[in-house]
Amino acid sequence: AAVQAKAKAGDPDAQYKLATSYQLGEGMGRDDVAAYKWYTIAAGSSSAGKKLKAKVTFNKKTLAARMTRAQIAEAEKSTEEFHNVPGPGPIPDIQ
């Protein structure tokens with residue numbers, strides 16, 4: 001639960017760990033769609049280093065090889081929805 005919370009908060013290392021857990025079914029059922037989603041999110045993080053991005057790219061390609069086009073489309077839609085979740089809103093201008 002702690003890794004998932006960190007992943008949702010934007011930690012690319014936690015996003016990678018969560019994706020790997022979903023891909024391998026460690027601590028949860030295997031879920032290729034969720035794994036692909038979290039790899040995509042981790043790779044897109046501005047704070048992810050080159051080494052992490054390389055690991056994500058390799059794992060994502062391996063994963064995609066066993067997924068259907070529909071599964072990949074579902075993962076991409078879920079990734080887009082994650083990125084489009086509205087934040088707390090603008091801070092009011094106090095005068």
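Starting afresh in each chain, residues are numbered from 1 along the sequence in its written order. Since the coordinates come from a predicted model, pLDDT governs what is reported: local features require at least 70, and pairs of side-chain atoms require 80 or more to be given and counted, while whole-chain, interface and lining totals use all residues. Side-chain measures were taken over the full set of non-hydrogen atoms in the model, leaving aside hydrogen atoms and water.

Let us look at the overall build of the chain. In terms of regular secondary structure, the chain is built from five helices and zero strands. Strands here are runs of E lasting at least two residues and helices are runs of H or I lasting at least four, both read from the DSSP assignment and numbered beginning at the N terminus. Ordering the α and β elements of the chain from the N terminus gives α-α-α-α-α. Counting across all 95 residues of the chain, residues that qualify as buried make up 33%. Sequence separation of at least 24 residues holds for 56% of the intrachain contacts in the chain that already meet a minimum separation of 6. For the exposure calls, accessible area comes from a 1.4 Å probe over protein chains only, and a residue counts as buried if that area is under 20% of its type's maximum, exposed if over 50%, partly exposed in between. Between two residues, a contact is recorded if the distance between any of their heavy atoms is within 4.5 Å.

Our next topic: the nonpolar core. As used in this record, nonpolar core signifies buried Ala, Val, Leu, Ile, Met, Phe, Trp, Tyr and Cys residues forming a set joined through side-chain atoms within 4.5 Å. Y22, Y36, W38, Y39, V56, L63 and M67 are the most contacted members of the largest nonpolar core, which totals 21 residues. For this core, the secondary-structure elements that each account for two or more residues are α2 (12-24), α3 (32-43), α4 (50-64) and α5 (69-83). Among the elements that take part in this core, α3 stands out by supplying eight residues, more than any other. Contact partners of Y22, with chain neighbours within four places excluded, come to Q4, M28, G29, R30, D31, A34, A35 and W38.

Expected span of a helix, by definition, is 1.5 Å for each gap between consecutive residues, and there is one gap fewer than residues. The end-to-end C-alpha separation of α2 is 18 Å, in line with the 18 Å expected for 13 residues at 1.5 Å each. Burial of α2 is extensive: 10 of the 13 residues sit out of reach of the surface. Within α2, the full set of buried residues consists of P12, A14, Q15, Y16, L18, A19, T20, S21, Y22 and Q23. Where α2 is buried, its residues meet α1 (2-8), α3 and α4. Contacts described as polar in this section are N or O atom pairs within 3.5 Å, which, within protein, must combine one atom able to donate a hydrogen with one able to accept it, while residues neighboring in sequence count only if both atoms come from side chains. Measuring from the side-chain oxygen of the N-cap residue of α2 to the backbone nitrogen of D13 gives 2.8 Å; that N-cap residue is D11. Positive backbone phi, at 70 degrees, marks G25, one or two positions downstream of α2.

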